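Residues per chain, in single letters:
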Amino acid sequence: MNDSKLIIFSAPSGAGKSSLIKKLIELSESTIELSVSVTTREPRDGEVHGVDYFFISEQEFLKLEKQDAFLESANVHGFHYATLKSFVDEKTSSGISVILDIDVQGFKQVKQTSQDNVSIFILPPSLEELEQRLFNRGSESAESIKKRLENALIELRSAEIFDYVVVNDEFDSTIKILSSILFDKNIEYNDENAMNILKELLDN
């Protein structure tokens, strides 16, 4: 029986989502892959077509959009990004689960389709910790961090529409929780704790 699925991850910037996804893909033993999006921007040095992105022209993108070929799409800094329905269907039909790393707006678009999915929102343990993680990147200006924190509060208000809300407090513990959700390892998932932390974050 094919139990592959579309898995959606969303989180405020700095919550540690990318590191969690990378570890889960590693633990899946090739049964989970990260979705490859299409984009209209030019490839950066080292990026490979079909591996990092499917690089297409604006004309091609608009044609696919008219054909309802996308599960979700976004315009970022003047370039289009989207998830191909055909890519997800091809992978899941062959027994491979696909992870979409998208923002809340992208998830809302997916929810409007008939695509079955498991959705997970990653929470930081506190806004102070989120700010510290952004600061520790060393690549964010004070203004950029402020903007990301403001966006985080907006995204947090939509966390409850996801199937699971998981706090990324300690990496290994978070991986155990996510493994229980994705691989059914029978590890107890404390939903109440996550919802209490979400309430505290929104009350700040």
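Residues numbered from 1 in each chain as written. Predicted model: local features only at pLDDT ≥ 70, side-chain atom pairs only at ≥ 80, totals over all residues. Heavy atoms only, no water.

**As for the packing of helix H5 (residues 127-136) against helix H6 (residues 142-156)**
Move 1: Two numbers describe how H5 lies on H6: the axes approach to 10 Å, and their chain directions differ by 140°. Between H5 and H6, the crossing angle belongs to the class labelled oblique. The crossing of H5 and H6 is right-handed. Listed contacts from H6 to Leu127, Leu130, Glu131, Leu134 and Phe135 of H5 are Ile145, Arg148, Leu149, Ala152, Leu153 and Leu156.
Move 2: Across the contact of H5 with H6, the residue classes break down as nine nonpolar, no polar and two charged. (Axes fitted to C-alpha atoms, helices over the stretch in contact; angles between N-to-C directions. Helix = DSSP H or I, 4+ residues; strand = E, 2+ residues; numbered from the N terminus. Parallel < 35°, antiparallel > 145°, perpendicular 65-115°, else oblique. Left-handed = near helix turned anticlockwise from the far one by under 90°. Contact = heavy atoms within 4.5 Å. Nonpolar A, V, L, I, M, F, W, Y, C, P; charged D, E, K, R; others polar.)

**Things to note about the sheet that holds strand S8 (residues 118-123)**
Move 1: Taking strand neighbours across the sheet as the criterion, the five strands line up as S2-S7-S1-S8-S9 in an open arrangement whose pairing is parallel. Strands at the two margins of the open sheet, each flanked by one partner only, are strand S2 (32-34) and strand S9 (164-167). On average, each strand axis in the sheet is inclined to that of its neighbour by 25°, with strand direction left out of account.
Move 2: Note: strand S1 (residues 6-10) against S8, four bridges, orientation parallel. By the bridge assignment, Ile7 is partnered in S8 with Val118. (Pairing = 2+ DSSP bridges.)

**Quick word on the environment of Thr40**
Move 1: Considering the arrangement of structural elements, one finds Thr40 in the loop between strand S3 (38-39) and strand S4 (54-55).
Move 2: Look at Thr40 and you get buried, because its relative accessible area is 11%.
Move 3: Taking C-alpha positions, Thr40 is 9.6 Å from Tyr53, a pair spaced 13 residues apart along the chain.
Move 4: Apart from residues no more than four positions distant in its own chain, Thr40 is found in contact with Ile56, Ser57, Glu58, Phe61, Phe79 and His80. (Buried < 20%, exposed > 50% of the residue type's maximum accessible area, 1.4 Å probe, protein only.)

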